[in-house]
Amino acid sequence: MKIYSFDPKTEYTLNKKEIQKAILNVLESGKYILSDEVRKLENTIKKLLNVKNAVSVKNGTDALIISLKILGIKKGDEIITTSHTALATTAAIINVGAKPVIIDIDKEFYTLDSKKIENKINKKTKAILPVHIYGQCCDMKDIMRIANKYNLYVIEDCSQALGSKIKNKYVGTFGDIGTISFYPTKNFGALGDGGMIITNNSKIFKKIERYREYGWDRKRNTNNVGINSRLDEIQAAILNLKLKYFKMYLKEKNRIAKKYISEIKNLSIILPKIRKNSFHSFHIFAILTKSRKHFLRYLKKHNIFLSIHYNKLTFENKGYTKNCEFSKLELKNSLNVSKSTLSLPIYNGLSEIKLNKIIKVINNYKQDDR
Ligand SMILES: *Cc1c(COP(=O)(O)O)cnc(C)c1O
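The shown structure was predicted, so the numbers you read here are calculated from the model rather than taken from an experiment.

Novice: Is there a simple way to explain the overall build of the protein chain in this structure?
Specialist: Broken down by element type, the protein chain carries 11 helices and 15 strands. Over its C-alpha atoms the protein chain spans a radius of gyration of 21 Å, differing by no more than 12% from the 21 Å that the globule rule assigns to 370 residues. Dimensions of the protein chain, computed from C-alpha atoms along their principal axes, come out at roughly 70 × 55 × 40 Å. The burial tally for the protein chain puts 56% of its 370 residues in the buried class. Taking the contacts inside the protein chain whose residues are at least 6 apart along the sequence as the reference set, 71% of them involve residues at least 24 apart. Accessible area for the protein chain stands at about 17,500 Å²; split by element, carbon and sulfur atoms hold 51% of it. Side chains of the protein chain give 68 positive and 34 negative charges; the mean places of these two sets differ by 2 Å.

Novice: So what exactly am I meant to see when it comes to the site of the ligand here?
Specialist: Contacts to the ligand come from 13 residues, most closely from Gly60, Thr61, Asp157, Ser181 and Lys186. Here Thr89 contributes a side-chain N or O atom positioned 3.5 Å from a nitrogen atom of the ligand. One of the side-chain nitrogen or oxygen atoms of Ser181 is found 2.7 Å away from an oxygen atom of the ligand. At the level of secondary structure, the elements contributing two or more residues to the shell around the ligand comprise α4 (60–70) and α5 (87–95). A per-class count over the shell around the ligand returns 3 nonpolar, 8 polar and 2 charged.

Novice: I would appreciate a short explanation of the pattern of salt bridges in the present structure.
Specialist: Side-chain pairs of opposite charge can arise whenever the charged atoms involved come near each other. According to the stated counting rule, one finds 21 salt bridges in the structure shown. Across the pair Asp77 and Lys74 runs a salt bridge whose closest N-O atoms are separated by 4.0 Å. Note that Lys120 is salt-bridged to Glu330, the shortest N-O span being 2.9 Å. Here Lys120 is found in the loop between β4 (99–103) and β5 (125–129), whereas its partner Glu330 is found in the loop between β14 (304–305) and α10 (332–340), with 210 residues between them in sequence.

Novice: How should a positive patch on the surface be read in this particular structure?
Specialist: Together, Lys293, Arg297, Lys300 and Lys301 give the surface a local cluster of positive charge. Using a relative accessible area of 53% as the deciding quantity, one classes Lys300 as exposed.

Novice: Where do I start with the pairing of β4 in this structure?
Specialist: Put simply, side chains in a regular strand alternate between the two faces of the sheet. In terms of residue burial, β4 counts as a mostly covered element, since 4 of its 5 residues are buried. Of the strand pairs in this sheet, strand β3 (residues 78–82) and β4 are connected by 5 bridges, and their pairing is parallel. Bridging across to β4, Ile79 finds its partner in Pro100. As for the winding sense of the linkage, the β-α-β connection from β3 through α5 to β4 is right-handed.

Novice: Honestly, the pairing of strand β9 (residues 177–181) in this entry has me stumped. Any pointers?
Specialist: Where burial is concerned, most of β9 is hidden: 5 out of the 5 residues are buried. Both faces of β9 are covered, namely the face carrying Ile177, Thr179 and Ser181 and the face carrying Gly178 and Ile180. Judged from the 3 bridges that link them, strand β6 (residues 153–157) and β9 form a sheet pairing that is parallel. Directly across from Ile155, in β9, lies its bridge partner Ile177. Here β9 runs beside strand β10 (residues 195–199); their pairing, made up of 4 bridges, is antiparallel. By the bridge assignment for β10, Ile180 is matched with Met196.

The rules we used
Residues numbered from 1 in each chain as written. Predicted model: local features only at pLDDT ≥ 70, side-chain atom pairs only at ≥ 80, totals over all residues. Heavy atoms only, no water. Helix = DSSP H or I, 4+ residues; strand = E, 2+ residues; numbered from the N terminus. Rg over C-alpha atoms; globule rule 2.2 N^0.38 Å. Buried < 20%, exposed > 50% of the residue type's maximum accessible area, 1.4 Å probe, protein only. Contact = heavy atoms within 4.5 Å. Areas by Shrake-Rupley, 256 points an atom, 1.4 Å probe, with all protein chains shown as cover. Lys, Arg positive; Asp, Glu negative; His and termini not counted. Charge placed at Lys NZ, Arg CZ, Asp CG, Glu CD. Near = heavy atom within 4 Å. Polar contact = N/O pair within 3.5 Å; in protein donor to acceptor, adjacent residues only side chain to side chain. Nonpolar A, V, L, I, M, F, W, Y, C, P; charged D, E, K, R; others polar. Salt bridge = Lys/Arg side-chain N within 4 Å of Asp/Glu carboxyl O. Patch = residues over 30% accessible without salt bridge, like charges linked within 9 Å, V, L, I, M, F, W, Y side chains within 5 Å. Pairing = 2+ DSSP bridges. Right-handed = clockwise from strand over helix to strand, strands pointing away.

So this is what it looks like as structure tokens:
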């Protein structure tokens, strides 16, 4: 019995027949791009997240690039963000010609430390791009306070956090724009690529909708140039079908997370904390361990193969460094997390046998057995 951090096939296996039927229906419909299923998905996501507008796109990276583009972010502009994120966040900023200005994460929750933002604001600063990493909510109250004070845009990267909320407000609806990824391993995954942009601002919405398809409006008139970032009907149909299970999926992930938190008892492991008054959607259950290499080797011996999110800060990736602004001296928490983080399996369909084995193996681990 081998155990991995993710198993994207399990959600498909759980509802195999239904998913195959949904795909067949699209094949038979003769409509494959931006049609009924896509519109239905956009409408359901709007209702689910209580947001005025939603535009589907090809993937989560496009969602970020398009958002930055239509806000007018361009060469020479600076975007304040974190380096403890998927490389995609940084790639998107650099792709529109702007410069990611990297600040540290907070020690407790690993999200953008809002106390460090004001220091980095100057005339070139155009936006703040917080990432709700692992499904943990950023401190949106403080981030919005700062953004309003300096008149900055806020784009929330919710690629890992669909369903996360602060009190009863979903992430992605605090700032000007929220972006979502439907990559198969995410909280709400397709069986291919997909993404979505949400906004309560109708002007922004109209621009995004046009930009997604060559700049066209619904009558195919244009004012500006756009690109092609359309979601296809097959992925939308799969997502529409899975939507009825979405809340159950989130519950199940939270059940697994709570089991880890209450049953893992090992002083060499630091378990995640959940921000007060928030719902954590647990895309990733990340633990910290001082001797990660040793721990990984130990787990491997027990057939547990874990992934790391992320063992490099974004700007440490070759080709990215020169495009980012950062000072390693100011990134103590980010560096510490990237050196010690490790992702435990948390997905729908994770069997109780596997879950109990993981907990037992971790509880038997002794850091000093070297
Ligand atoms: C997955 C992810 C993205 C990019 O999404 P894709 O659909 O893979 O393009 C962006 N930001 C974060 C934080 C992510 O986890």
